[in-house]
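Below, each chain spelled out in residue letters.
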Amino acid sequence: MIDIFTTGGTIDKVYFDALSEFQIGPAAIPDMLRENNVHVPHRVTQLMRKDSLELTDADRETIRAAVAASDADRILVTHGTDTMVVTGRVLAGIEGKTIVMTGAMQPASVRASDAEFNVGFALAAAQTLPPGVYIAMNGMIFDPETTVKDRAGARFVSNAG
């Protein structure tokens, strides 16, 4: 069983034509998993619907508490990319769980989004990696302790040695 917690972020943004802008909508992952015929046992819990720049320390503690309380030992967290590493560091130290965080640089509702690839990659990572906290983005696995988002490159990079 993989417990999937959604928090919002770009992956869940949808276009609101009346406002001519993107806003965070319902979690994209349930439809994405169904449409891609994913059969790995999982459950989805929407914890919040926020841009990661709006997440507070209290929100991060809510995420940590949900992950720690889960009866699953394999966890996937969808999260906005701007502060994903911050939340990943807050999740460090939860024993006995493989916690994989992912998101998208483009909303899942956009044709050229990286969301489906990242979610599929993160699901595989959650099933195969040993306990710990990881970021799975664009075909790479990162340690939140040594990772930063490269905004200009629209990717994550390791700043380790």
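Read on for an overview of the structure. Nothing here was measured: the structure is a model prediction, and the numbers come from that model.

Points about the pairing of strand 7 (residues 132-137)
With 5 of 6 residues buried, strand 7 is to be regarded as a mostly interior element. Where strand 6 (residues 98-102) meets strand 7, 4 bridges bridge the pair, whose relative direction is parallel. When the bridges of strand 7 are listed, Val100 appears paired with Tyr134. One crossover worth recording links strand 6 to the parallel strand 7 by way of helix 4 (residues 115-128), and it is left-handed. As paired strands, strand 7 and strand 8 (residues 140-142) are joined by 3 bridges and run antiparallel to one another. In the strand pairing of strand 8, Ala136 is matched with Ile141. Joining the antiparallel neighbours strand 7 and strand 8 is a turn of 2 residues, in which Asn138 adopts a positive phi near 55°.

Some points on the packing of helix 2 (residues 57-69) against helix 3 (residues 84-91)
At their nearest, the axes of helix 2 and helix 3 sit 9 Å apart, and the two run at 50° to each other. The orientation of helix 2 relative to helix 3 falls into the category oblique. The hand of the helix 2/helix 3 crossing is right-handed. Counting all contacts with helix 2, which are made through Arg60, Glu61, Ile63, Arg64 and Val67, the residues of helix 3 involved are Val86, Thr87, Val90 and Leu91.

Description of the pairing of strand 9 (residues 147-150)
Note: strand 9 against strand 10 (residues 155-158), 4 bridges, orientation antiparallel. Directly across from Lys149, in strand 10, lies its bridge partner Phe156. Hairpin remark: strand 9 followed by strand 10, antiparallel, with 4 residues in the connecting loop; positive phi at Ala154, about 50°.

As for the nonpolar core
The biggest cluster of nonpolar side chains holds 21 residues, and the ones touching the most others in it are Val67, Ile75, Val77, Leu91, Ile99, Ile135 and Phe156. Listing elements by their share of this core, those giving two or more residues are helix 2, strand 5 (74-78), helix 3, strand 6 and strand 7. In this view, Ile99 contacts Val67, Ile75, Val77, Leu91, Ile94, Gly132, Val133 and Tyr134; residues no more than four positions away in its chain are not counted. Counting residues in each nonpolar core, the second largest holds 20 residues, with Ile2, Val40, Ala115 and Leu129 among its members.

So, the packing of aromatic side chains
A full pass over the atoms with the stated rule returns 2 aromatic pairs. Their ring planes at 10° and their centres at 6.1 Å tell us that Phe117 and Phe121 sit as a pair that is stacked. Of this pair, Phe117 and Phe121 both sit in helix 4, 4 residues apart, which is roughly one turn of that helix. You can call Phe117 exposed: its relative accessible area is 51%. When the ring of Phe142 is compared with that of Phe156, the centres are 6.3 Å apart and the planes differ by 45°; the resulting orientation is tilted. Remark: Phe156 occurs in strand 10 and Phe142 occurs in strand 8; sequence separation between them is 14 residues. Given the relative accessible area of 6%, Phe142 is considered buried. Under the relative-accessibility criterion, Phe156 is labelled buried at 2%.

What counts and how
Residues numbered from 1 in each chain as written. Predicted model: local features only at pLDDT ≥ 70, side-chain atom pairs only at ≥ 80, totals over all residues. Heavy atoms only, no water. Buried < 20%, exposed > 50% of the residue type's maximum accessible area, 1.4 Å probe, protein only. Helix = DSSP H or I, 4+ residues; strand = E, 2+ residues; numbered from the N terminus. Pairing = 2+ DSSP bridges. Right-handed = clockwise from strand over helix to strand, strands pointing away. Axes fitted to C-alpha atoms, helices over the stretch in contact; angles between N-to-C directions. Parallel < 35°, antiparallel > 145°, perpendicular 65-115°, else oblique. Left-handed = near helix turned anticlockwise from the far one by under 90°. Contact = heavy atoms within 4.5 Å. Core = buried A, V, L, I, M, F, W, Y, C linked by side-chain atoms within 4.5 Å. Phe/Tyr/Trp six-rings, centres within 6.5 Å; stacked < 30°, edge-to-face > 60°.

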